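# Coordinates in review
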There are 2 protein chains.
Amino acid sequence: MRGLPDLESLRLLVDVGELGSLGRAAKAAGIAQPSASKRVAQLERRLGVPLLERTPRGSTLTTEGKMVAGWAAQVLAAAEELMRAVAAVRHAGRAHLRVAASMTVAEYLVPRWLGELQHREPDVQVGLDVVNSADVAARVLGGDVELGFVEGPSVPEGLASRVVGTDRLVVVVAPGHPWARRRTALRGAELAATPLVVREPGSGTRETLELAFSGLHRAGPRLELGSNSAVKGAAQAGAAPAVLSAYAVEAEVAAGRLVEVPLAGLDLGRRLCAVWRRGRSLTAPAATLLSVATQR
Amino acid sequence: MRGLPDLESLRLLVDVGELGSLGRAAKAAGIAQPSASKRVAQLERRLGVPLLERTPRGSTLTTEGKMVAGWAAQVLAAAEELMRAVAAVRHAGRAHLRVAASMTVAEYLVPRWLGELQHREPDVQVGLDVVNSADVAARVLGGDVELGFVEGPSVPEGLASRVVGTDRLVVVVAPGHPWARRRTALRGAELAATPLVVREPGSGTRETLELAFSGLHRAGPRLELGSNSAVKGAAQAGAAPAVLSAYAVEAEVAAGRLVEVPLAGLDLGRRLCAVWRRGRSLTAPAATLLSVATQR
DNA sequence: CTAGGTTACGGCTAACGTAAGGATG
DNA sequence: CATCCTTACGTTAGCCGTAACCTAG
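Residues numbered from 1 in each chain as written. Chains lettered and ligands numbered in written order. Predicted model: local features only at pLDDT ≥ 70, side-chain atom pairs only at ≥ 80, totals over all residues. Heavy atoms only, no water.

### Thoughts on helix H10 (residues 228-236) of chain B
All names here are of chain B. Of all the residues in H10, the buried ones are Asn228, Val231, Lys232, Ala234 and Ala235. For H10, the buried positions fall inside an angular range of 160° around the axis, keeping them on one side. On the buried face of H10, the contacting elements are strand S8 (197-199), strand S9 (223-225), strand S10 (242-245) and helix H11 (246-254). The first or second residue beyond H10 is Gly238, which carries a positive phi of 90°. (Buried < 20%, exposed > 50% of the residue type's maximum accessible area, 1.4 Å probe, protein only. Helix = DSSP H or I, 4+ residues; strand = E, 2+ residues; numbered from the N terminus. Arc of directions from axis to C-beta. Contact = heavy atoms within 4.5 Å.)

### Quick look at the relation of the copies chain A and chain B
Turning chain A through 180° and shifting it by 0.1 Å along the axis lays it on chain B, with an RMSD of 0.1 Å. Seen this way, the second copy is the image of the first under a two-fold rotation axis. (Least-squares fit on C-alpha atoms with pLDDT ≥ 70 in both.)

### Things to note about the domain arrangement of chain A
Residue and element names in this part refer to chain A. The domain boundaries assigned to chain A delineate domain 1 (7-75), domain 2 (76-165 + 271-295) and domain 3 (166-269). In this assembly, domain 2 packs against domain 3 so that about 870 Å² is buried in total across both faces, 59% of it on carbon and sulfur atoms. The interface formed by domain 2 and domain 3 includes zero salt bridges. One can count zero residue pairs in polar contact (both at pLDDT 80 or more) joining domain 2 with domain 3. (Domains from an automatic or database assignment. Buried area = accessible area lost by both parts, 1.4 Å probe. Salt bridge = Lys/Arg side-chain N within 4 Å of Asp/Glu carboxyl O. Polar contact = N/O pair within 3.5 Å; in protein donor to acceptor, adjacent residues only side chain to side chain.)

### With respect to the pattern of salt bridges
Residue and element names in this part refer to chain A. Taken as a whole and judged by the stated rule, the model has 30 salt bridges over all chains. The salt bridge partner of Glu252 is Lys232, with a shortest N-O separation of 3.4 Å. One end of the pair, Glu252, is in helix H11 (residues 246-254); the other, Lys232, is in helix H10 (residues 228-236), and 20 residues separate them in sequence. Pair check on accessibility: Glu252 and Lys232 agree, each one buried. Each of Arg206, Glu210, Arg218 and Glu224 takes part in a single network of salt bridges with overlapping partners.

### Concerning the environment of A:Arg120
Residues and elements named next belong to chain A. Tracing the sequence through the fold places Arg120 in helix H6 (residues 110-120). When the C-alpha atoms of Arg120 and Leu289 are compared, they prove to be 9.3 Å apart, with 169 residues separating the residues in sequence. Sequence-distant contacts of Arg120, that is, excluding residues within four places in its chain, are made with Thr288, Ser291, Val292 and Gln295. A distance of 3.4 Å separates the side chain of Arg120 from the side chain of Ser291, its partner in a polar contact.

### As for the protein's contact with DNA strand C
If you check the shell around DNA strand C, you find 23 residues, and the closest are A:Leu22, A:Ser37, A:Arg54, B:Ala32 and B:Arg39. Of what DNA strand C places within 4 Å of the protein, 76% of the atoms are sugar or phosphate. Of all elements in the fold, only helix H2 (22-29), helix H3 (33-47), strand S1 (52-55) and strand S2 (58-61) of chain A together with helix H3 (33-47) of chain B reach the threshold of two or more residues within the surface near DNA strand C. No other element matches H3(B), which puts five residues into the surface near DNA strand C. (Near = heavy atom within 4 Å.)

### A few points about the nonpolar core
Residues A:Trp113, A:Phe149, B:Trp113 and B:Phe149 are the most contacted members of the largest nonpolar core, which totals 122 residues. Residues in contact with B:Phe149, not counting those within four places in the same chain, are B:Ala100, B:Ala101, B:Ser102, B:Val105, B:Trp113, B:Val136, B:Val164, B:Cys273, B:Ala274, B:Leu289 and B:Ala293. Counting 17 residues, the second-largest nonpolar core is a separate cluster that includes A:Leu169, A:Val173, A:Ala192 and A:Val198. (Core = buried A, V, L, I, M, F, W, Y, C linked by side-chain atoms within 4.5 Å.)

### What about the protein's contact with DNA strand D?
Surrounding DNA strand D, one finds 23 residues, the nearest of these being A:Ala32, A:Arg39, B:Leu22, B:Ser37 and B:Arg54. Backbone atoms, meaning sugar and phosphate, form 70% of the atoms of DNA strand D found within 4 Å of the protein. Side-chain polar atom of A:Ser35 to a phosphate oxygen of DNA strand D: 3.1 Å apart, as the coordinates give it. In the environment of DNA strand D, a sugar or linking oxygen lies 3.0 Å from a nitrogen or oxygen atom belonging to the backbone of B:Pro56. Of all the elements in the fold, those that place two or more residues in the surface near DNA strand D are H3 of chain A together with helix H2 (22-29), H3, strand S1 (52-55) and strand S2 (58-61) of chain B. Among the elements that take part in the surface near DNA strand D, H3(A) stands out by supplying five residues, more than any other.

### Topic: the packing of helix H1 (residues 7-19) of chain B against H3(B)
Residues and elements named next belong to chain B. Interaxial distance between H1 and H3 falls to 10 Å at its minimum, and their mutual angle equals 105°. Here H1 lies roughly perpendicular to H3, going by the angle between them. Contacts between H1 and H3 involve Glu8, Ser9, Leu10, Leu12 and Leu13 on the former and, on the latter, Ala36, Arg39, Val40 and Leu43. In terms of residue class, the contact of H1 with H3 is built from six nonpolar, one polar and two charged. (Axes fitted to C-alpha atoms, helices over the stretch in contact; angles between N-to-C directions. Parallel < 35°, antiparallel > 145°, perpendicular 65-115°, else oblique. Nonpolar A, V, L, I, M, F, W, Y, C, P; charged D, E, K, R; others polar.)

### So, the interface of chain A and chain B
Facing 53 residues of chain A, the contacting portion of chain B comprises 53 residues. Summing both sides of the interface, chain A and chain B together bury roughly 5000 Å²; the carbon and sulfur share of this comes to 72%. Counting across the chain A and chain B interface gives zero salt bridges. Elements represented by at least two residues in the side of chain A that touches chain B include exactly helix H1 (7-19), H3, helix H4 (63-90), helix H5 (103-108), H6 and H11 of chain A. For the side of chain A that touches chain B, the leading source of residues is H4(A), giving 20 residues. Tallied by class, residues from the side of chain A that touches chain B come to 30 nonpolar, eleven polar and twelve charged.

### Examining the packing of aromatic side chains
Residues and elements named next belong to chain B. Under the counting rule described, the total for this entry stands at four aromatic pairs over all chains. Aromatic pair Trp113 and Phe149: ring centres 4.8 Å apart, planes at 45°, arrangement tilted. In this pair, Trp113 is assigned in helix H6 (residues 110-120) and Phe149 in strand S5 (residues 147-151), connecting sequence segments 36 residues apart. As far as the burial class goes, Trp113 and Phe149 line up, both buried. (Phe/Tyr/Trp six-rings, centres within 6.5 Å; stacked < 30°, edge-to-face > 60°.)

Rendered as structure tokens:
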């Protein structure tokens with residue numbers, strides 16, 4: 001099993017499952033039927049598993065095919081979220097509905113919302129600016145964007161807000177780190193006195209951490225890095241414990257590449273809030289997006 | 001924005017972000033540096049967004065690049081789960097650790113577990129059989145597989161078991177269906193008297209539904225279909241309300257393509273259980289998998 | 001005969017590697 | 001001048017569409 005599969009072939013497989021024949025799936029993909037046949041055959045070779053039961057009256061998925069189609073649908077859903085989010089970033093300036101979001105919200109929440117919004121309001125083009133929390137507030141107040149999404153702890157002045165979710169910072173270490181097998185919760189004072197891998201000053205993650213550490217005796221950071229993935233990489237390499245958003249490390253923790261250390265006596269929760277100009281009524285698409293965001 | 005991006009290019013982008021230069025990312029991918037340069041450039045053209053800040057001392061991700069890399073990492077994680085799961089299906093027979101799982105568990109839970117198991121026990125090859133719940137029990141009792149995973153409601157005789165998660169059946173309709181705007185919860189009797197789109201008899205989903213309907217006056221099914229995706233397709237087309245696992249419709253509900261109808265007075269929850277031969281001790285890899293599965 | 005499938009073949013796109021050219025500390 | 005990136009170029013591999021053939025109801 002070398003290379004990763006290509007998404008077009010996975011889409012083709014899913015379509016065959018739903019439409020019942022290679023020919024119809026080919027039409028849906030805008031290619032000729034023999035091309036679709038060959039692509040699926042190649043996918044079967046590459047995965048080493050038979051996927052279709054072919055008959056002169058159509059094709060149905062084998063048991064393995066149903067499984068693969070199910071897993072493929074999840075890959076495709078993630079890919080489509082990516083494409084929608086990229087489209088929103090590209091249209092940042094000239095869109096019908098302009099919003100700004102901080103990194104964490106933009107990365108983990110916004111793509112989902114866009115999917116549902118697009119379904120409810122198919123014609124609305126969303127433009128997305130990704131900036132830090134302070135800039136989100138500035139753009140909303142300045143009227144550059146209609147709606148903003150920020151991560152706590154503080155909600156800026158002069159803005160109406162609604163909580164749309166909660167996040168918390170977590171301490172993670174490489175699986176080989178002594179703390180990975182800890183059974184007793186880590187105390188805040190102990191964490192503060194340990195050199196850590198953290199995000200750069202000014203990021204929402206760092207600010208939440210600084211606030212929680214205030215008043216504690218503390219060690220300087222071991223490493224300051226400018227992106228979540230860089231911090232994760234350093235933690236996995238065993239450099240030191242890292243502090244990051246629970247969203248950001250979800251996948252690594254699920255896969256066992258990082259281990260979350262239980263923590264006590266330190267509040268690292270933070271609200272994720274939608275904000276808009278106080279007293280100004282929202283346009284219809286903005287109200288829809290807000291309602292979508294609030295429901296999840 | 002036509003076609004979907006290809007996964008190799010996304011991997012390349014993520015690697016550039018983590019490794020700091022196109023050259024190192026190229027080496028990681030096993031291709032020449034100019035090829036990597038061209039691929040990323042093509043990705044930028046295709047997405048219509050600048051992704052890299054190129055300098056003579058390396059390349060760093062732009063703000064948009066960091067976003068895209070974050071979203072790409074999620075797509076890649078899903079793709080890798082798919083590949084691991086396919087490998088397990090392919091090795092069904094001749095693996096070190098052989099397990100059997102029913103559809104729902106195999107589709108939504110097993111890929112995650114495999115990721116973590118592979119991390120904890122890198123050398124273990126897992127073989128996965130996907131069969132219905134009754135067959136899972138038979139294979140465990142017959143010694144064909146060491147561990148099984150079934151969806152309730154009944155736990156087979158003669159097997160030790162442990163609950164590894166919970167699922168529930170949900171009622172979903174197309175967004176245009178009258179029930180989509182319902183505010184009051186649906187009563188069990190009303191649901192039973194409505195023609196539905198359901199899975200075929202013998203599937204775990206169908207059995208749970210039949211059990212819940214027992215004693216109620218009921219209408220026949222509107223459609224019986226052999227796969228979750230077929231049922232979802234019919235529901236989206238507006239054929240009738242459908243009843244499916246919450247896991248199965250998660251993505252569609254999040255994207256607004258299906259709407260969940262609130263339900264009262266009918267217990268459609270079901271436990272997902274690991275099962276093994278009573279009195280037989282588990283091998284080390286099986287025990288590890290069980291512990292991984294139990295923790296999530 | 002129709003509706004579905006595969007095989008065969010020629011054309012073209014696209015990805016690769018090597019080699020050469022340009023910028024920046 | 002060392003490093004990293006890009007452009008140029010020739011080769012190769014893979015995908016596509018058309019056409020021909022096969023099979024079952």
